[in-house]
Amino acid sequence: MRVPLLDLAAQHAPLRQELLVAMARVLERSAFILGEEVAELEAQVAAYCQAAYGIGVSSGTDALLVALMALDIGPGDEVITTPFTFFATAGSISRLGARPVFVDIEPQTYTLDAAHLEAAITPRTRAIIPVHLYGQCADMAPILAVAARHGLAVIEDAAQAIGAAYSDGRRAGSMGTLGCLSFFPSKNLGGLGDGGMVVTQDAALAERVRLLRVHGSQPKYYHQTIGGNFRLDTLQAATLLVKLHHLDRWTAARRACAQTYEKLFAASGLVEQVGLRLPTARYRACGVVYDHVYHQFVIAVPQREALRAFLHQRGIETAVYYPLPLHLQPCYRDLGYGPGAFPVAERASQEVLALPMGPTLSAEQQAYVVDTIREFYRR
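Residues numbered from 1 in each chain as written. Predicted model: local features only at pLDDT ≥ 70, side-chain atom pairs only at ≥ 80, totals over all residues. Heavy atoms only, no water.

Draft legend 1. Spotlight on the sheet that holds strand β4 (residues 125-129). Across the sheet, which stays open at both edges, the seven strands sit in the order β1-β7-β6-β5-β4-β2-β3 with mixed pairing between neighbours. Every interior strand has two partners, whereas the edge strands, β1 (53-57) and β3 (99-102), have only one. This sheet shows a mean twist of 25° between the axes of neighbouring strands, independent of strand direction. Sitting on the sheet, helix α4 (residues 60-70) touches β1, β2 (78-81), β4, β5 (153-157), β6 (178-182) and β7 (196-200), and the angle it makes with β6 is about 160°. Here helix α7 (residues 140-150) sits on the sheet and contacts β4 and β5; the angle it forms with β5, its principal contact strand, is near 150°. (Pairing = 2+ DSSP bridges. Helix = DSSP H or I, 4+ residues; strand = E, 2+ residues; numbered from the N terminus. Axes fitted to C-alpha atoms, helices over the stretch in contact; angles between N-to-C directions. Contact = heavy atoms within 4.5 Å.)

Quick look at the structure:
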């Protein structure tokens, strides 16, 4: 049996006609840059995220970059974030000449550990970027409390977590100063190419992001500030509008898949026998997960690389998010961190394994995945 990490072809097949109609409409109007579909998507996604404003941009990376630019973060500034995330989180800080400052993560959720924040703050600290990793919100209440005490902005990296809710019901992206989304094709709400969005409750910041995404030009050819070309294509917005209407159904399917995995692993005995660790959801009521949208279903395992090879031989795709923490990346040697600086993140990088996940994943495929993992450890 072949089990892909994510089967986008199967997910798109039922939407083919809707997507073609949406693209044909854009072609007929020929308003390819900031057409009316962009504004419509901005309004709908902002409402979905419980934010007042949404500004479509060219990618999740550019969402982070323009959010930092909107706060005038630059040389001499420091921004605190996690070392256990996709490179764009820290890379966007560095591109503006600011310095990323890392703090370790929680061992169960792999999200930023708020207990380490106070010790990392200096007079140069301007912002905190918590990452809502694998589809689950970071522990925002203590993060926001620390930020408020020190007058810091909070930029939520919600690239993997559209629709995820914190324990008080607030959705990812709506809690901080600015929230950043990605519409990369593999995301829960993915386009047919790159795309992203910044969401916020602040009207002035929303207007500044809009200005920055068009080279700081207002009116056209008159530049109030130096921005960039961070526009979301109309074609992407049109296809995302089609897919947005299916997002809640897809999220429910992902949560059902997570429940199936949990039951299969419980029956397998692997948790007790080999110390395999399952994803931890912060908020459950009557056994139902309310906060996690399962962008990935990530387990922690011994002998990870050998297990990956074994699964690959049997047609099961997996991925490692992430194999080397950011503080140990060659490009960040000058930050002065070394091995042992963030032990929880370093351990996670050696153990995490993302299993196949998605709204079209079948129970039979999941059973095959778990049975194959059990076969590996019982050899």
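Draft legend 2. Seen up close, the pairing of strand β10 (residues 297-300). Residues Phe 297 and Ile 299 line one face of β10 and the alternating positions Val 298 and Ala 300 line the opposite face, and both faces are buried. Here β10 pairs with strand β11 (residues 352-355) via four bridges, running antiparallel. Bridging across to β11, Ala 300 finds its partner in Val 352. (Buried < 20%, exposed > 50% of the residue type's maximum accessible area, 1.4 Å probe, protein only.)

Draft legend 3. Representation of the environment of Leu 27. For Leu 27, the position within the fold is in helix α2 (residues 16-29). Along the backbone, Leu 27 and Ile 121 are 94 residues apart, and their C-alpha atoms lie at a distance of 50 Å.

Draft legend 4. Molecular detail of the nonpolar core. One finds Phe 84, Phe 265 and Ile 373 to be the most contacted residues of the largest nonpolar core, which totals 47 residues. The element that contributes the greatest number of residues to this core is helix α14 (residues 363-377), accounting for five residues. Phe 84 has contacts with Ile 105, Tyr 110, Leu 133, Tyr 134, Tyr 321, Tyr 322, Ala 345, Ala 348, Ser 349 and Val 352, leaving out every residue within four places of it along the chain. Grouped together as the second largest cluster of nonpolar side chains are 43 residues, Tyr 48, Ala 51, Leu 189 and Leu 240 included. (Core = buried A, V, L, I, M, F, W, Y, C linked by side-chain atoms within 4.5 Å.)

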